[in-house]
Amino acid sequence: MTFRLEARHLACERDDRWLFADLDIVVGAGEIVRIEGPNGSGKTTLLKILSGQLTDYQGELYWCDSPMRQVRSDFLANLLYMGHAPGVKAALSPLENLAWYQALAGESGSESARMKALAAVGLTGFEDIPAAQLSAGQQRRIALARLELIERPLWVLDEPFTAIDRDGVAELEQRLLAHARRGGSVLVTTHHDLTSLGELRRIRLGRGVVHAGQ
Amino acid sequence: MTFRLEARHLACERDDRWLFADLDIVVGAGEIVRIEGPNGSGKTTLLKILSGQLTDYQGELYWCDSPMRQVRSDFLANLLYMGHAPGVKAALSPLENLAWYQALAGESGSESARMKALAAVGLTGFEDIPAAQLSAGQQRRIALARLELIERPLWVLDEPFTAIDRDGVAELEQRLLAHARRGGSVLVTTHHDLTSLGELRRIRLGRGVVHAGQ
Amino acid sequence: MWAFIHKLGSPKWFYDISERLQPWFWAAAALLILVGSVWGLAFAPADYQQGNSFRIIYVHVPAAFLAQSIFVGLAVAALVFMVWKIKVADMAAAVMAPLGAAMTFIALFSGSVWGVPTWGTWWMWDARLTSMLILLFLYFGVIALRGAFASRDSGSRAASVLAMVGVINIPIIKYSVDWWYTLHQPASFTITSRPSMPVEMWWPLLLMVLGFYSFFIALTLMRTRSEILRRESNKRWVRDLVREDG
Amino acid sequence: MAFDSLQAFLAMGGHAPYVWTAWCVTAALMLGSLVHARAERRSLLRDLKRRERRARSELSREEVDDT
Amino acid sequence: MQVSESMTAMEPRGGLGVAIAATVRRDLILMLRRRSEIINPLVFFALVITLFPLGISPDPDLLATIAPGLLWVAALLATLLSLDSLFRADFDDGCLEQLLLAPQPLPAMVLAKVAVHWLLTGLPLALMAPVLGLMLSLPTGSYLMLAASLALGSASLSLIGAIGAALTVGLSRGGVLLSLLVLPLYIPVLIFGAGAVQAAILGDGGMAHLAILGALLATALMLAPWAIAAALRISING
Amino acid sequence: MQVSESMTAMEPRGGLGVAIAATVRRDLILMLRRRSEIINPLVFFALVITLFPLGISPDPDLLATIAPGLLWVAALLATLLSLDSLFRADFDDGCLEQLLLAPQPLPAMVLAKVAVHWLLTGLPLALMAPVLGLMLSLPTGSYLMLAASLALGSASLSLIGAIGAALTVGLSRGGVLLSLLVLPLYIPVLIFGAGAVQAAILGDGGMAHLAILGALLATALMLAPWAIAAALRISING
Ligand code: HEM
Ligand SMILES: Nc1ncnc2c1ncn2[C@@H]1O[C@H](COP(=O)(O)OP(=O)(O)OP(=O)(O)O)[C@@H](O)[C@H]1O
Ligand SMILES: Nc1ncnc2c1ncn2[C@@H]1O[C@H](COP(=O)(O)OP(=O)(O)OP(=O)(O)O)[C@@H](O)[C@H]1O
Ligand SMILES: [Mg+2]
Ligand SMILES: [Mg+2]
């Protein structure tokens, strides 16, 4: 069965201000959707709602055409979310961090797979150093290694390019593209130009006006 | 008296790895210097050393040709530092946050000056909302308002563009340029392209190799 | 049934119905408390052991009853809010908690003041007094937790969880404190071991208890109505209402 | 009537300080919560009205702009 | 975008055992790597116990009378303080968010975390208490009961306290608020725990008290994981 | 780059008074905005005091004997717990870094922060202690001394504790470690503070003890600000 995340008439209000209203979003297999908007326009809020973390919104969410409330655990088995906080334990080495994420997904996983994922994000040689002793960008790269390691169709990424250097950005863009080619889908916010990805579906938030479309 | 920050034979070692060695840096009035390098190459470490926060380095630092140790308080009166953490109190409103910074600089300051600084970073209308309720980018904009508000010749900025949207980045670039035109100087790290600033002095760190020069 | 619950949960419906109910409860409270006070203070006979100091009973006991009932009410409101997502229940819980704390304080204070002439001490670690003190702390916890969150919604839900956990614990606490007291010290004087009350003393007490309950209901209705206006301030019906009002 | 005179009533058979503090604190807290509730309601209504007026004037200004 | 393969929705699969084992292992590693995490509550316990003779009186008879209560109160405070960090580190670095988004049942996962906390805090406290009892001239015959009641009771303390920790994890200065929420709920455990030791001193064995402590633990085990999970979901919402 | 004007190095100017006033005002606003920050230590104090009769015995005579010590130990613990957050919030959001880079003398700035802490924690504790003393049947005649000794002593506690708070601010779970560092240093204050109350009960007034508490405070006022400033510099170095 192919998958689909759908939001109908989504609206969210913060402090008497509508961040967005009457938003319809469909994310299907093979799509990359970029959420755009200036600072404070509600991108993070939207991603948290779509990934089922925030509950004070109006409208309905559907996963594979069933209401989200009923299929929440099915949905979670398909989701990989990366937020503003990288979710990396400073006292653990990159390898140990990844091992926990693998286990959370229910896999026992192999060390060689983890090494490969770390190599893919340019952390060869840092596998066994506590993450606290890595730079801001290196810590985020550990989080990015999850994309390599754990097989999930739907990626929801909030500012994944933060603190990543130029080469890293290019590699990550390629990774997103490859995921979409394989039939996965990506929901991403970023202030970077994603020129190399070609034309993307965009959803613009901001100043009360909402445009959704190709 | 015009000012000058100078580092001679600077070297820093972390866990048996030389981040940089034998680095000579001079930052004088009217200059923008960009520190470059991939993730983990030591940019943050270098800025912390240059702003007098980290002390485990080798080499000498001079401010206006006097050893840093002797003129530390003179130096601090000329420095505006912005690190990875924005230094914004979540429970205070943008106005209250700025009032404290003004007082720290020894000025009693006026409310209208603070309002102007906030307007300059696009926070009009958010002046009295607790910072906790602002988005990631808006919180960083509060920190950036300090650049408008407090008169200091030397700016040291670590990834100031983090979480800022496209328009904000362009405005900030113009602000750096204007500061340099007025005779101030800027030391900055960023992974963004700073094309609009034209040719900058660059210092490249990374992979043990260090290039300094035009 | 379902529809009824949701109708009950509609803030507008609650706002309207409570407007009609409120005066009755205020009237009942005023009447009952007035008659009860005059009767209790001036007409009821003095206790043969405690003399006139026993007249404290007419504020002490109603406050103590109410203090315990309000916590149960708080937990019920929390349950309704969490299970059926009825916001009015949470608004009621928000205004009930401070009143419950006030009633607990009144019971504690009047009890301690009463203790001086009867027991010769302000305070003793009697089972019932101690569990009342703990109840006061539970109220403080619920109030503090609600206020500690930046987002009102999270504060509401956190306070609801705490109220429900607390109400499960209240019987356990009461039971254990009773047990603790009997373990350590022979009961020299407990509140319960008194000669049963003559009816002339009992009637005013009943009036006062009913009066306190009416007061509590009336005040809760009133403050819940304010809370509804505050939280629904940008709903159409509230704006219409404000406009009509002047 | 359990008392002979007003003096006796106020003296409460020597227990005046206890009885009257307990009753007064109770009355103060209950009246205080009542006054607080009324003040809260009044200031809230004032606030809402002000907001409503402001919203309406903004609306009419926009209409003027449009024309 | 041309899609070469097609990816289909994945079914949730089990792996709960793997996830729990990994969480237990991870938390153990984290605690053992900063060994002070384990030692600190113990030293706090010892220090608080030494404060009392200094503040009250060094008289051994008086101390012996109040020893069961002091030991239990001090152990309770030590547990309480260590609880603040139970979820906070995970919250700060975003791991908690990830735990909540994992397809595993949350109550089971938090139970694993609480179990590790008890293993490395409550149990060592119970083992150390007899030594401090010696210092307070606790009457002989009650040492075993002290350790047993603390071991059993501290498990309840960890479970109940975890609810408070979960409720306050999103608040910047939860420490003292946590105490306010949790201490009233600790009182039954304290009463029966200290009661067990006192009963042992009086010679009636205190098994009845221990049984009640066990019943409290069973109740907490059944209810607390759900409350903790609900509280975490609220806290992550902001 | 064409430079149109020229900017010259600035001389450090005073403004220490402005900076201190603003810091005091800011910290007061922060505390008052979350009123629970102020109330929570008080409630913790009351709760800990409640635990003792439950754990030990409700017998008023026994409680009266140990009341001065219990009150002082509980107040000390309440101060200690509230200290953890003294610098932590500033550290986490980067304000501490900025404070250290300000051209103002750091010891003066931290003294301002500690003063606010005492004003909103130590002083209310001292004012509330007599009520709890009543509940523990503290003998009459010692209530004033209890409040006075706590007011004076808690200022020393805040100053000494701030050193520990500054040392542990960079560590993710400093709470318990802080207690370890600070509690041994608290012992002199505890001895003379509880001693003052006991002296008042025995009828000799306890002014000698108060004088010693004053001397301790004077010493702490002279030395602690420098130690705190040094500790903060170390912590920020990471
Ligand atoms: C701080 C001190 C005191 C506290 C906290 C306290 C608490 C309570 C509570 C909670 C109740 C309600 C019990 C129930 O729900 O059945 C109660 C009832 C009562 N109290 Fe007190 N009390 C205190 C002092 C006193 C004193 C000094 C007296 C008089 C000697 C007293 C006499 C009574 C009586 C007669 C009742 C009614 C009992 C019944 O109907 O079951 N109380 N008190
Ligand atoms: N506290 C520390 N202890 C030991 N090593 C450290 C510590 N902090 C940083 N390092 C090491 O120093 C190196 C440089 O870190 P730094 O934060 O300066 O990098 P950076 O250039 O700012 O990188 P980024 O672009 O990711 O911010 C890292 O590779 C890291 O391994
Ligand atoms: N906890 C909160 N309480 C109230 N309002 C909030 C809260 N969090 C965010 N907001 C409001 O919601 C708006 C959107 O915030 P959000 O973080 O979603 O923006 P964003 O689009 O992600 O911005 P950025 O590009 O800066 O990350 C903000 O303007 C803020 O005022
Ligand atoms: Mg965002
Ligand atoms: Mg960096």
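Preceding this paragraph is the structure being described.
Keep in mind it's a predicted model, so treat the numbers as computed, not measured.

(A) Expanded view of the overall build of chain D. Helix and strand counts for chain D come out as two helices and zero strands. Buried residues in chain D amount to 27% of all 67 residues. Summed over all atoms, the accessible surface of chain D reaches about 4,600 Å², with 59% contributed by carbon and sulfur.

(B) Structural context of the overall build of chain A. Check the secondary structure of chain A and you find six helices and ten strands. Taken against the 2.2 N^0.38 rule, which gives 17 Å for 214 residues, the C-alpha radius of gyration of chain A at 17 Å falls within 12% of a compact globule. Once the C-alpha set of chain A is aligned to its principal axes, its extents read approximately 50 × 35 × 35 Å. For chain A, with 214 residues in total, the buried portion stands at 58%. Long-range contacts, defined here as pairs at least 24 residues apart, represent 68% of the contacts in chain A between residues at least 6 apart. Summed over all atoms, the accessible surface of chain A reaches about 8,000 Å², with 48% contributed by carbon and sulfur. When the 24 positive and 27 negative side-chain charges of chain A are each reduced to one mean point, those points stand 1 Å apart.

(C) Region of interest: the coordination of the magnesium ion (ligand 5). Coordination of the magnesium ion (ligand 5) by the protein involves Thr44(B) (OG1) and His84(B) (NE2), with metal-donor separations of 1.9 to 2.7 Å. Of this pair, Thr44(B) sits in helix 1 (residues 43–50) while His84(B) sits in the loop between strand 6 (79–82) and helix 3 (94–104); the two residues are 40 residues apart in sequence, bridging distant segments of the chain.

(D) Looking closely at helix 4 (residues 85–92) of chain E. By the burial criterion, the buried members of helix 4 of chain E are Ser85(E), Leu86(E), Phe87(E), Arg88(E) and Asp90(E). In the stretch just after helix 4 of chain E, Gly94(E) is the one whose phi turns positive, near 90 degrees.

(E) Looking closely at the sheet that holds strand 2 (residues 17–28) of chain B. All names here are of chain B. Here we have four strands laid out as an open sheet, ordered 2-1-4-5, and antiparallel in their pairing. Of all the strands in the sheet, just strand 2 and strand 5 (66–67) have a single pairing partner and so form its edges. Inspection of the sheet shows strand 1 (residues 4–14) paired to strand 2 by eight bridges, in the antiparallel sense. Of the residues in strand 2, the one forming a bridge with Arg14 is Arg17. Most of the contacts of helix 1 go to strand 1, to which it runs at about 130 degrees, and overall it touches strand 1, strand 2 and strand 4 (58–63).

(F) Structural context of the environment of Val188(B). Residues and elements named next belong to chain B. Looking at the secondary structure, you find Val188 in strand 8 (residues 185–189). Given the relative accessible area of 0%, Val188 is considered buried. In the structure, Val188 is positioned 58 residues away from Pro130 in sequence and 29 Å away in space, judged by C-alpha atoms. Non-local contacts of Val188, meaning those with residues more than four positions away in its chain, are made with Ile32, Val33, Arg34, Ile35, Leu157 and Pro160.

(G) Local environment of the interface of chain A and chain E. Taken together, the contact between chain A and chain E spans 51 residues of the former and 40 residues of the latter. Here chain A and chain E share an interface that buries about 3,800 Å² over both sides, 59% of which is from carbon and sulfur atoms. The three residues of chain A that bury the most area against chain E are Lys89(A), Trp100(A) and Leu104(A), which together make up 20% of that side's buried surface. Counting every contact that joins chain A to chain E gives four salt bridges. Linking Asp90(E) and Lys89(A) is a salt bridge whose minimum nitrogen-to-oxygen distance equals 2.8 Å. Inspection of the region where chain A meets chain E yields nine residue pairs in polar contact (both at pLDDT 80 or more). Of all the secondary-structure elements, those providing two or more residues to the side of chain A that touches chain E are helix 2 (72–76), strand 6 (79–82), helix 3 (94–104) and helix 6 (166–181) of chain A. With five residues, the top contributor of residues to the side of chain A that touches chain E is helix 3 of chain A.

(H) Up close: the arrangement of the chains. The two units chain B and chain D never meet; even their closest C-alpha atoms stay 16 Å apart. Between chain A and chain F there is no contact, and the shortest C-alpha to C-alpha separation is 10 Å.

(I) Focus on the side chain of Arg225(C). Along the polypeptide, Arg225(C) turns up in helix 7 (residues 199–231). Looking at Arg225(C), the relative accessible area reads 5%, which means it is buried. When neighbours within four sequence positions are excluded, Arg225(C) is seen to be in contact with Tyr15(C), Ser18(C), Glu19(C), Gln22(C) and Arg41(D).

(J) Here's a closer look at helix 3 of chain B. Counting buried residues along helix 3 of chain B, nine of its eleven residues qualify, which places the element largely inside the surrounding structure. Looking only at helix 3 of chain B, the buried set comprises Pro94(B), Leu95(B), Asn97(B), Leu98(B), Trp100(B), Tyr101(B), Gln102(B), Ala103(B) and Leu104(B). Of the surrounding elements, those touching the buried residues of helix 3 of chain B are helix 4 (111–120) and helix 5 (136–149) of chain B together with helix 1 (16–33), helix 5 (95–100) and helix 6 (106–135) of chain F. Gly106(B) sits one or two residues past helix 3 of chain B and shows a positive phi near 90 degrees.

(K) Quick look at the packing of helix 2 (residues 36–55) of chain F against helix 6 of chain F. All names here are of chain F. Two numbers describe how helix 2 lies on helix 6: the axes approach to 9 Å, and their chain directions differ by 35 degrees. Helix 2 and helix 6 meet at a crossing whose hand is right-handed. Here Ile38, Pro41, Leu42, Phe45, Ala46 and Ile49 of helix 2 come into contact with helix 6, specifically with Leu120, Thr121, Pro124, Leu125, Met128, Ala129 and Leu132. When its residues are assigned to classes, the contact of helix 2 with helix 6 shows twelve nonpolar, one polar and no charged.

(L) Broad picture of the site of ligand 2. The full set close to ligand 2 counts 19 residues, and Gln133(A), Ser135(A), Gly137(A), Thr44(B) and Thr45(B) are the nearest of them. The separation between a nitrogen atom of ligand 2 and a polar side-chain atom of Arg14(B) is 3.0 Å. In this structure, an oxygen atom belonging to ligand 2 sits 3.2 Å away from a side-chain N or O atom of His191(B). When ligand 2 sits alone it has 630 Å² of accessible area, and the protein chains cover 87% of it. Listed by contribution, the elements that provide at least two residues to the shell around ligand 2 are helix 5 (136–149) of chain A together with strand 2 and helix 1 of chain B. A per-class count over the shell around ligand 2 returns three nonpolar, twelve polar and four charged.

(M) Up close: the coordination of the iron atom of ligand 1. Looking at the protein side alone, the iron atom of ligand 1 has one donor only, His60(C) (NE2), at 2.0 Å. By the element assignment, His60(C) lies in helix 3 (residues 57–84).

(N) Inspection of the nonpolar core at higher detail. Ranked by internal contacts, the top residues of the largest apolar core, which has 346 residues, are Phe45(E), Phe87(E), Ile228(E), Phe44(F), Phe45(F) and Phe87(F). Ranked by residue count, the leading element in this core is helix 8 (residues 174–202) of chain E, at 18 residues. Dropping the residues within four chain positions of it, Ile228(E) is found in contact with Phe87(E), Val110(E), Val114(E), Leu159(E), Ala162(E), Ile163(E) and Ala166(E).

(O) How the structure looks around the packing of aromatic side chains. Residues and elements named next belong to chain A. In total, this model carries 17 aromatic pairs over all chains according to the counting rule given. Joined through ring pairs, the aromatic side chains of Phe3, Trp63 and Phe75 make up one cluster. Directly above the aromatic system of Tyr101 lies the positively charged group of Arg146, at a separation of 4.4 Å from the ring centroid.

(P) Looking closely at the pairing of strand 9 (residues 201–204) of chain A. Residues and elements named next belong to chain A. Alternating positions in strand 9 separate cleanly, Arg201 and Ile203 being buried on one face and Arg202 and Arg204 remaining unburied on the opposite face. Bridging between strand 3 (residues 32–36) and strand 9 involves four bridges; their strand directions are parallel. By the bridge assignment for strand 9, Glu36 is matched with Arg204.

Procedures and definitions
Residues numbered from 1 in each chain as written. Chains lettered and ligands numbered in written order. Predicted model: local features only at pLDDT ≥ 70, side-chain atom pairs only at ≥ 80, totals over all residues. Heavy atoms only, no water. Helix = DSSP H or I, 4+ residues; strand = E, 2+ residues; numbered from the N terminus. Buried < 20%, exposed > 50% of the residue type's maximum accessible area, 1.4 Å probe, protein only. Areas by Shrake-Rupley, 256 points an atom, 1.4 Å probe, with all protein chains shown as cover. Rg over C-alpha atoms; globule rule 2.2 N^0.38 Å. Contact = heavy atoms within 4.5 Å. Lys, Arg positive; Asp, Glu negative; His and termini not counted. Charge placed at Lys NZ, Arg CZ, Asp CG, Glu CD. Donors = N, O, S within 2.8 Å, 3.2 Å for Na, K, Ca; no water. Pairing = 2+ DSSP bridges. Axes fitted to C-alpha atoms, helices over the stretch in contact; angles between N-to-C directions. Buried area = accessible area lost by both parts, 1.4 Å probe. Salt bridge = Lys/Arg side-chain N within 4 Å of Asp/Glu carboxyl O. Polar contact = N/O pair within 3.5 Å; in protein donor to acceptor, adjacent residues only side chain to side chain. Left-handed = near helix turned anticlockwise from the far one by under 90°. Nonpolar A, V, L, I, M, F, W, Y, C, P; charged D, E, K, R; others polar. Near = heavy atom within 4 Å. Core = buried A, V, L, I, M, F, W, Y, C linked by side-chain atoms within 4.5 Å. Phe/Tyr/Trp six-rings, centres within 6.5 Å; stacked < 30°, edge-to-face > 60°. Lys NZ or Arg CZ within 6 Å of the ring centre and 35° of its normal.

Structural measurements only, silent on function.
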